[in-house]
Each structure stands twice: as C-alpha cells, then as structure tokens.
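Listed below, chain by chain, are the residues.
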Amino acid sequence: ATFEAGDQWIDTNAIPNSHLVRYVDVEAAGSNVYISWVDLNFTSKPAVWFSMSPNYGAAGSWTAPQPVDPVGAYQYIQDYARLACSGNNVYAAWQDSRVAGSVHMNASQDGGVTWSTLTVTRVDNGSSNSSIYMEMCAPTAAAKMSNKPQLGAMGPANVSGTAASVGGGNVVGRSLHSGSGVKPVYVCYRDYSNGSLADIYFNYSLDGGVTWGATHKRMDVHTPAGSIWCGDPAIAASKNWVYVVWLDGKDDPTPGASPYIDDIYVRYSNNYGQNSWVPN
C-alpha cells in the first residue's frame, strides 16, 4: 500500500557505478530481510555478496556487505547465486569454478551476521559439467526424526555421525537421532553432465547444509539423459514434502526441433527428497 520515499543502496562494498551486479535474490523471515547478489569486480572474478536488515528492510538498518564465502570470494568464479532461509538459518548456493562449474553452498546460523570459512560444501554429485540456474528452499517447520535410521544417501551411516560422501569429498555428518529436529535444505538446478541439453537435478540436506545426499537425483525421465531441453527449475517445500517443477520439451511435436512448445512438469517427494519421488 505504501512504500518508502526513496530506494536504498545495498551493495555499498564498492563506490557507486564501479561494479556490475546481477542475480539479486531476496528472502525474509520475521523482521529479518536477506539479500544476496553476484558482484562482478571488473579487476577480479565474480563473487557472491550478502547483506541483511533486522528491521524489515528499513533505511539505515542494513549490515555492511560481506561475501558468503569468505575464503573463496574473488578466488573462484561464482555465479547464479540463490538464497533460502528458515528463521535465523540462512543458506546461499551458487555456481563455483573451483570444480568445473559445480554447485557450492554456505550457511549462516545467526541471520547472516557471520558466514563461516569452514562450512562451504559442494551440493552436486561430482558433475564434470556446468550446473546453472539453481533454485533452493528451506522449510521453516521440519518434522522430527524418528529413531528409525533414514533410508537413502543420508543414512544409516550419517545417523551415527560417521563420514558421509558429499560430492567431491567426505565430511563428518551431524548426528540425527530420535528427538532432534531435521533442518532440511533443498537445491535444484540445470546440469549438463549428460550432454548439450541440460537435465534437471535435485539434492537435499537434512542437517542445515552440513552434509548432502551422496547421489543427486535427476528429475526428468528422458531417454537418453540430456537428449531433450529442460529449463527454468523451481522448488518449494513444507516439512517433509518437497516439489520440483520445470519446463520440459519432451512432448513437443518433434522433440528438439521447432516448434518449441514446452510443458510444465512436476515431481514431489514426501520423504525429505530422499526417495519416494512420484513419476513426472
């Protein structure tokens, strides 16, 4: 109904009009407002930056911009940044050149005030080609874990706190046991692993982004993979339910040739994205 008298300058890490920015994303939880963007420093590599307001975005309340990857900023090419949040837990994901256009993420547990130098993890599963146009979400009210070990890539090994594979390496996962809350984070993206036409992939974390499923899941069902165009993935979740939608050209009159008449497809899981995915 009403807006402030003037707009606000957020990317104050550079003098006005000195850097180009793109892929701006915004999320909010309560009175906290979070913004991320890709900063194209003309003398270095693109990097993902972040600022937050604890007062609904009011003028004068924005924190000084900071990189979400304190070590990797301007060391690697970072692009296609996206945010998700669940209360004071804020998650950022982006394409990163440290492993051939892979998907990396970092998390802040204090509303984006600080970003750890030690918690940057890889989301995709060892893809050798670019993953682009990622989207992510983090539901705010996760159900509780049962005392039954989780099925799929996150368990049972990860339930006991032993090493779990995360794309390019191993990390020690947090213990997920009876009575502890699940902190799900989901990411979907286009990925060129299977050919010149990208497929839609998905991966999940149950511990706030510390560990990720050892195998990312392809959402489309093209045969062979990478043979039909897919694009514009989007994702949403509530508790243990997660939904991925995308544009798909498999039902075009002649797939891969004009006229291009894409349809919208969806898949969903009622088990935190671990399994139980319905067909397209």
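Up top you'll find the structure we're talking about.
Residues numbered from 1 in each chain as written. Predicted model: local features only at pLDDT ≥ 70, side-chain atom pairs only at ≥ 80, totals over all residues. Heavy atoms only, no water.

### Quick notes on the pattern of salt bridges
Tallying each qualifying case throughout the model produces eight salt bridges. Between Asp69 and Arg98 there is a salt bridge, with its nearest N and O atoms 2.5 Å apart. Residue Asp69 is located in the loop between β4 (66–67) and β5 (78–86), and its partner Arg98 is located in the loop between β6 (89–96) and β7 (102–108); the two are separated by 29 residues in the primary sequence. Here Asp69 falls in the buried class, since its relative accessible area comes to 2%. A salt bridge links Asp96 to Arg98; its shortest N-O distance comes to 2.8 Å. For Asp96, a relative accessible area of 0% puts it in the buried group. If you follow the salt bridges from partner to partner, you end up with Asp69, Asp96 and Arg98 in one network. (Salt bridge = Lys/Arg side-chain N within 4 Å of Asp/Glu carboxyl O. Helix = DSSP H or I, 4+ residues; strand = E, 2+ residues; numbered from the N terminus. Buried < 20%, exposed > 50% of the residue type's maximum accessible area, 1.4 Å probe, protein only.)

### With respect to the sheet that holds β6
Pairing is antiparallel across the open sheet formed by four strands, whose spatial order is β5-β6-β7-β8. Pairing within the sheet leaves two strands with one partner each, and these edge strands are β5 and β8 (121–122). Bridge analysis of β7 against β8 gives two bridges, and the strand direction is antiparallel. By the bridge assignment for β8, Met105 is matched with Thr121. (Pairing = 2+ DSSP bridges.)

### Description of unusual backbone geometry
The linkage connecting Thr223 with the following residue, Pro224, adopts the cis geometry, with an omega of -5 degrees. For Pro224, the location among the structural elements is in the loop between β14 (217–218) and β15 (230–238). You will see that Ala100, though not glycine, has its phi angle at about 45 degrees, which is positive. In this structure, Ala100 sits in the loop between β6 and β7.

### Brief notes about the sheet that holds strand β1 (residues 20–29)
Ordered by their spatial adjacency, four strands build an open sheet running β1-β2-β3-β4, and the pairing between neighbours is antiparallel. On the outer flanks of this sheet lie β1 and β4, each paired with one strand and no other. Summarising the sheet, strand β3 (residues 47–53) and β4 pair through two bridges and their orientation is antiparallel. Following the sheet pairing, Trp49 is matched in β4 by Pro67.

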